[in-house]
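# Descriptive structure summary
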Amino acid sequence: MLTFITFAAWSAFNQVDHETADKSLYLKDMPTLLLEHYQNGTFIPVYDSSARKTFKTFVIHNGGNNKRNLKQNILILHGQGSTSFLFRNTIEYLRQANLNPVLIDLPCFGFSDSLVNCSRSYISDRLGDILDSLNLDSVHLVMYDMSADIGMQFADKSPSRVKSVTFVDPIANVDISKQDLYVRIARVPIIGRMIINLATSPYVSWIRWKYIQLVYRVELAQELLDCYAFSLRYRNNINNYIRTITESDLSYKRTFYLTSSRVSYDVKLPKQVILSTETIGATQGSFIQTKFSMHFVNMAESKGFLLPEEMESVFDSHITVLIDTIDPELRKVKPEPEPPVRENHGGSGHGHSHGGGSGHGHSHGSDHGHGHSHGGGGHHGHSHGGGQNDYGMGGYGL
């Protein structure tokens, strides 16, 4: 016990200034899978219209490299204890379905910068700023875990920017008394921070892995769990993790707001929920089904721990069906226009014209060139050839 207390206290107080520390200090210790994810993304500057300052958001997005010209943008929001890393393997499935996925680390999470206020409500208000920076007018919104709180507020305040809504094992009843232990523990001063520091430490990697296997009965690689733990420790993210909970309204009043929002009552807004087999009958699963009218309720054969990690292709079929109910033409990619035919300046060239006035045939070739014209007036046949049989013929007419 003394060893535990000593290590937890050391983890809590032996911290560096994360805002000024060199990022390379974190990159060299980053797990390989997480480093690959980091290298696949980019940072975009986002103007916080409320604080009037700029912050950087980590994004994985086709952007200007969207060569297939995919028009249906899918904004995917992660949960409380995860980042965009959770969806790294789902994006290819969505692209194959002619959809354009947009992954972000929410502000105060993952590789993105923190904000002056890390409450869920404030983060939600920044989604519009992020879409502006990405030049996206509207999106199909996918919300996992606690991001249901963030996404529903955004859909309520900016209805024209949300085409459809997909919940994935959502936490829609945000009352703190209904939250899991890993959320409630963050509200305990000092002790909560010490426990989170210990739980995410690289020194307890094997213990953490075995605990997840025992409690959640899932077979996830140890390295994967290390990636999520590292994301929570990256720069100042443990502090930010705690702030997103302590600075957020996690009361029954917030739950009432969500159940009264547009997502709840607007029957014209296409909506669906994807629930794991372990969640569908649990408190949060029952809540979302009874309080929100859905066009589709889908069940995924999963234990409910990091559902997108267990079922990488869980989104593509359900999301494509939802979008196709809006309009089957939305996912169809229009073929690129044929390039214009250019004048032939190589090989064998042949120019030929017929005109009632003056006719002009003109060709350039390295082998043989042939210019030929027919006209009723002045006629001009002209050819340039670098090889043999070069001739120009100027016409015959009435």
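Predicted model, so just to flag it, every value in this text is computed and none were measured. Think of each chain on its own: its residues are numbered from 1, step by step along the sequence as written. Only residues with pLDDT of at least 70 get local features here, since the model is predicted, and only at 80 or more are side-chain atom pairs given and counted; chain-wide, interface and lining totals rely on the full set of residues. Side-chain calculation: all heavy atoms of the structure are included, whereas hydrogens and water are not.

### Points about helix α5 (residues 120-133)
Basically, it comes down to this: Numbering of helices and strands starts at the N terminus; helices are DSSP runs of H or I of at least 4 residues and strands are runs of E of at least 2. Take the residue count of a helix, subtract one, and multiply by 1.5 Å to get its expected span. The classification of residues rests on relative accessible area computed with a 1.4 Å probe and restricted to protein chains. Under 20% of the type maximum is buried, over 50% is exposed, and intermediate values are partly exposed.
Between its first and last C-alpha atoms α5 spans 20 Å; for 14 residues at 1.5 Å apiece the expected length is 20 Å, and the two agree. With 10 of 14 residues buried, α5 lies mostly within the body of the structure. Among the residues making up α5, those that are buried are R120, Y122, I123, S124, R126, L127, G128, D129, I130 and L131. Two residues or fewer past α5, N135 is found with a positive phi of approximately 60°.

### Thoughts on the side chain of S302
Heads up, the condition is: As used in this structure description, the phrase polar contact means that two N or O atoms lie within 3.5 Å; if the pair is within protein, one of them must be able to donate a hydrogen and the other to accept it, and residues adjacent in sequence are counted only when both atoms belong to side chains. In what follows, a contact means two residues having at least one pair of non-hydrogen atoms within 4.5 Å.
Its place among the elements puts S302 in the loop between β8 (296-300) and α15 (307-310). Side chain to side chain, S302 and E310 meet in a polar contact 2.9 Å long. Beyond its immediate stretch of four places on either side in the chain, S302 contacts S276, T277, E278, L307, E310 and M311.

### Digging into the pairing of strand β1 (residues 42-48)
Cut-off, in case you're wondering: Strands were regarded as paired on the criterion that DSSP finds at least two bridges between them.
Taken together, the seven bridges between β1 and strand β2 (residues 53-60) define a ladder with antiparallel strand orientation. Opposite T42, over in β2, you have V59 as the bridge partner. Following β1, the chain reverses through four residues before pairing antiparallel with β2; R52 in that reversal takes a positive phi of roughly 60°.

### As for the packing of helix α10 (residues 222-233) against helix α11 (residues 237-246)
For clarity, the cut-off: Only the contacting stretch of a helix is used when fitting its axis, a line to C-alpha atoms as for every element, and angles between N-to-C directions run 0 to 180 degrees. Angles are sorted into four bins: roughly parallel if under 35 degrees, roughly antiparallel if over 145, roughly perpendicular if 65 to 115, and oblique for all others. Each residue gets one of three labels, nonpolar for Ala, Val, Leu, Ile, Met, Phe, Trp, Tyr, Cys and Pro, charged for Asp, Glu, Lys and Arg, and polar for the others, Gly among them.
The contact between α10 and α11 brings their axes to 6 Å, and the two run at 85°. Between α10 and α11, the crossing angle belongs to the class labelled roughly perpendicular. Within the contact between the two elements, α10 uses S231, L232 and R233 and α11 uses N237, I238 and Y241. Partitioning the contact of α10 with α11 into residue classes produces three nonpolar, two polar and one charged.

### So, the sheet that holds strand β5 (residues 139-144)
As summarised here, the arrangement of the eight strands in space is β1-β2-β4-β3-β5-β6-β7-β8, forming an open sheet in which the pairing is mixed. Every interior strand has two partners, whereas the edge strands, β1 and β8, have only one. Adjacent strand axes in the sheet meet at a mean angle of 25° when their direction is disregarded. Where strand β6 (residues 162-168) and strand β7 (residues 271-276) come together, four bridges link them in parallel fashion. When the sheet's bridge partners are listed, T166 is paired in β7 with Q272.

### A look at the packing of helix α8 (residues 191-199) against α11
Heads up, the rule is: Handedness of a helix crossing follows the sense of rotation of the near helix relative to the far helix, less than a right angle counterclockwise being left-handed and clockwise being right-handed.
Packing of α8 against α11 brings their axes to within 11 Å, and their N-to-C directions diverge by 130°. Relative to α11, α8 is oriented oblique. For the crossing formed where α8 meets α11, the hand is right-handed. Of the residues in α11, those in contact with R193, I196 and N197 of α8 are I238, N239, Y241 and I242.

### Considerations on the nonpolar core
To be explicit about the condition: Note on terminology: a nonpolar core comprises buried Ala, Val, Leu, Ile, Met, Phe, Trp, Tyr and Cys residues joined through side-chain atoms within 4.5 Å.
One finds I104, L106 and F167 to be the most contacted residues of the largest nonpolar core, which totals 52 residues. Counting residues in each nonpolar core, the second largest holds 39 residues, with M30, I74, L86 and I323 among its members.

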